[in-house]
Amino acid sequence: MELRGTVVVVTGAAGGIGAAMARRFAAEGVAGMVLADLDRDAASALAREIDPARVTGVGCDVTDAGEVAGLVALARDTYGPVDLFCSNAGITTGTGLDTDDATWQRAWAVNVHAHVLAARAVLPSMLERGSGYLLQTCSAAGLLTAVGDAPYAVTKHAAVGFAEWLAMTYGDRGIKVSALCPQGVRTPMLTEGLARGHTAARVTVAAGPVLTPEQVADAVVAGLAAERFLILPHPEVAGYARRKAEDPDRWLGGMRKLIATIEAG
Ligand SMILES: NC(=O)c1ccc[n+]([C@@H]2O[C@H](COP(=O)([O-])OP(=O)(O)OC[C@H]3O[C@@H](n4cnc5c(N)ncnc54)[C@H](O)[C@@H]3O)[C@@H](O)[C@H]2O)c1
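Notes on the structure in this doc start here. Keep in mind that what you see is a predicted model, and the values were worked out from it rather than measured.

## Let's talk about the overall build of the protein chain
Working step 1: Across its full length, the protein chain carries 10 helices and 7 strands.
Working step 2: In summary, the protein chain has a C-alpha radius of gyration of 18 Å against a globular reference of 18 Å for 265 residues, a match within 12%.
Working step 3: With the C-alpha coordinates of the protein chain rotated into their principal frame, the extents come out at 55 × 40 × 35 Å.
Working step 4: Scored against the burial criterion, the 265 residues of the protein chain give a buried share of 48%.
Working step 5: Taking contacts inside the protein chain between residues at least 6 apart in sequence as the whole, the part at least 24 apart equals 71%.
Working step 6: Accessible surface for the protein chain amounts to roughly 11700 Å². Of this, 54% is attributable to carbon and sulfur atoms.
Working step 7: Of the charged side chains in the protein chain, 23 are positive and 28 negative; the average position of the first set lies 4 Å away from that of the second.

Put into structure tokens, the structure is as follows:
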């Protein structure tokens, strides 16, 4: 996909990976972009900083169907039909079996159902035009796991499953789909998890290199250009996923050892 001249929506765009993608997409020459986040002020400030002539920042809760449909309408009315929808907002919980039902529901709503709402809102116009691109920010946790965060591990697997389903169902009708699956990235999500002592954040840092959001944005632009389904800013994740698929029992044993090491340290 050539980003120059396209119309883009990015959710969870106020900071971290979303903001880095927004800056990079602007540098690639997009024609118009809507940046959406729960934090409306930060999304608006980023839009003004990037280029108010072609970027709009708005408040949006991605779990609200009407608000997500509103993003697609705003982008269309301001810049033209959406070419690329980046469903990027996501949350961690840092909790296990003790997770209460409201937290499970919120994780499902933000990490999974928001992708469904986005596809429902934007796919009809893409199918009508016979082209469009959906980028779903999932996680390496959706291919491997998230130690110490049951809702994150489970919902990110579901997010990868939905992205695969979209790709196989609509791929022959001009719709491209990519699942972005980074491991550790230095964003507020990770640094706040570390500050709270979340095991998941500590394991993420111990498990491999922590990339900058800008490095992830580079990987996204390369992955979109290649129209690759799986975008892995940490390429080693492919090897971990292969080994997990080849021998799940051995992989689980390795994970138990990792947990014991983290808990001892
Ligand atoms: N940081 C990492 O190590 C890492 C690794 C793999 C995947 N990811 C994924 O990358 C995506 C971006 O995360 P990040 O690391 O940049 O985190 P972040 O917390 O810095 O950014 C997430 C943004 O999403 C917004 N958001 C949360 N809930 C929302 C909602 N209901 N509606 C609208 N916006 C909402 C937040 O306000 C925030 O600005 C997430 O899906 C996350 O799961 C992050």
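## A word on the pairing of strand β2 (residues 32–37)
Working step 1: Burial analysis of β2 places 6 of its 6 residues in the buried class, which makes it a mostly covered element.
Working step 2: The alternating pattern of β2 places G32, V34 and A36 and M33, L35 and D37 on opposite faces, both of which are buried.
Working step 3: Relative to β2, strand β1 (residues 7–11) runs parallel, the two being bridged by 5 bridges. Looking at β2, one finds that V10 is bridged to L35.
Working step 4: Alignment of β2 against strand β3 (residues 55–59), held across 5 bridges, turns out to be parallel. Across the sheet, M33 pairs through a bridge with V55, a residue of β3.
Working step 5: Viewed along the sheet, the connection from β2 through helix α2 (residues 40–50) into β3 turns out right-handed.

## So, the site of the ligand
Working step 1: Residues in contact with the ligand amount to 28 residues; listed here are only the nearest, I17, D37, Y152, V185 and T187.
Working step 2: Take N88: an N or O atom from its main chain is 2.8 Å from an oxygen atom of the ligand.
Working step 3: T187 is positioned with one of its side-chain polar atoms (N or O) 2.6 Å from an oxygen atom of the ligand.
Working step 4: Sorting the residues of the shell around the ligand by element identifies α1 (16–27), α4 (101–129), α5 (150–170) and α6 (188–195) as the ones contributing at least two each.
Working step 5: Grouping the constituent residues of the shell around the ligand by class yields 14 nonpolar, 10 polar and 4 charged.

## Concerning the nonpolar core
Working step 1: One finds L71, V82, F85, L123, L134 and L166 to be the most contacted residues of the largest nonpolar core, which totals 44 residues.
Working step 2: The set of elements that each furnish at least two residues to this core consists of β1, β2, α3 (65–78), α4, α5, β6 (175–180) and α10 (248–264).
Working step 3: No other element matches α4, which puts 8 residues into this core.
Working step 4: Excluding residues that lie within four positions of it along the chain, L71 makes contacts with V9, T11, V34, A36, V58, C60 and F85.

## Examining the sheet that holds β3
Working step 1: Here 7 strands make up an open sheet; going across it, the order is β3-β2-β1-β4-β5-β6-β7 and the pairing parallel. The outermost strands of the open sheet, each flanked by one partner alone, are β3 and β7 (230–231).
Working step 2: Relative to β7, β6 runs parallel, the two sharing 2 bridges. Across the sheet, L180 pairs through a bridge with I231, a residue of β7.

## Topic: unusual backbone geometry
Working step 1: The phi dihedral of E227 falls on the positive side, at around 50 degrees, and the residue is not glycine.
Working step 2: Mapped onto the elements, E227 comes out in the loop between α8 (213–226) and β7.
Working step 3: Residue E227 is classed as partly exposed on the basis of its relative accessible area, which comes to 38%.

## Looking at the packing of α1 against α8
Working step 1: For the pair α1 and α8, the least separation of the axes is 8 Å and the interaxial angle reads 55 degrees. In terms of axis orientation, α1 runs oblique to α8. Note on packing geometry: the crossing formed by α1 with α8 is right-handed. Contact residues: α1 offers G16, I17, A20, M21, R24 and F25, while α8 offers P213, E214, V216, A217, D218, V220, V221 and L224.

## A few points about the pattern of salt bridges
Working step 1: Enumeration according to the criterion identifies 9 salt bridges in this entry.
Working step 2: In this structure, the salt-bridge partner of D218 is R24, at a minimum N-O distance of 2.4 Å. With D218 in helix α8 and R24 in helix α1, this pair connects stretches of sequence that are 194 residues apart.
Working step 3: On the accessibility criterion, R24 (24% relative accessible area) is partly exposed.
Working step 4: Its salt-bridge partner being D61, residue R106 comes within 3.4 Å of it at the nearest N-O pair. Taken together, the positions of R106 in helix α4 and D61 in the loop between β3 and α3 put the pair 45 residues apart, joining distant regions of the chain.
Working step 5: Look at D61 and you get buried, because its relative accessible area is 19%.
Working step 6: Several salt bridges converge on common partners, so that one network encompasses R24, E28 and D218.

Cut-offs used in this document
- Residues numbered from 1 in each chain as written.
- Predicted model: local features only at pLDDT ≥ 70, side-chain atom pairs only at ≥ 80, totals over all residues.
- Heavy atoms only, no water.
- Helix = DSSP H or I, 4+ residues; strand = E, 2+ residues; numbered from the N terminus.
- Rg over C-alpha atoms; globule rule 2.2 N^0.38 Å.
- Buried < 20%, exposed > 50% of the residue type's maximum accessible area, 1.4 Å probe, protein only.
- Contact = heavy atoms within 4.5 Å.
- Areas by Shrake-Rupley, 256 points an atom, 1.4 Å probe, with all protein chains shown as cover.
- Lys, Arg positive; Asp, Glu negative; His and termini not counted.
- Charge placed at Lys NZ, Arg CZ, Asp CG, Glu CD.
- Pairing = 2+ DSSP bridges.
- Right-handed = clockwise from strand over helix to strand, strands pointing away.
- Near = heavy atom within 4 Å.
- Polar contact = N/O pair within 3.5 Å; in protein donor to acceptor, adjacent residues only side chain to side chain.
- Nonpolar A, V, L, I, M, F, W, Y, C, P; charged D, E, K, R; others polar.
- Core = buried A, V, L, I, M, F, W, Y, C linked by side-chain atoms within 4.5 Å.
- Axes fitted to C-alpha atoms, helices over the stretch in contact; angles between N-to-C directions.
- Parallel < 35°, antiparallel > 145°, perpendicular 65-115°, else oblique.
- Left-handed = near helix turned anticlockwise from the far one by under 90°.
- Salt bridge = Lys/Arg side-chain N within 4 Å of Asp/Glu carboxyl O.

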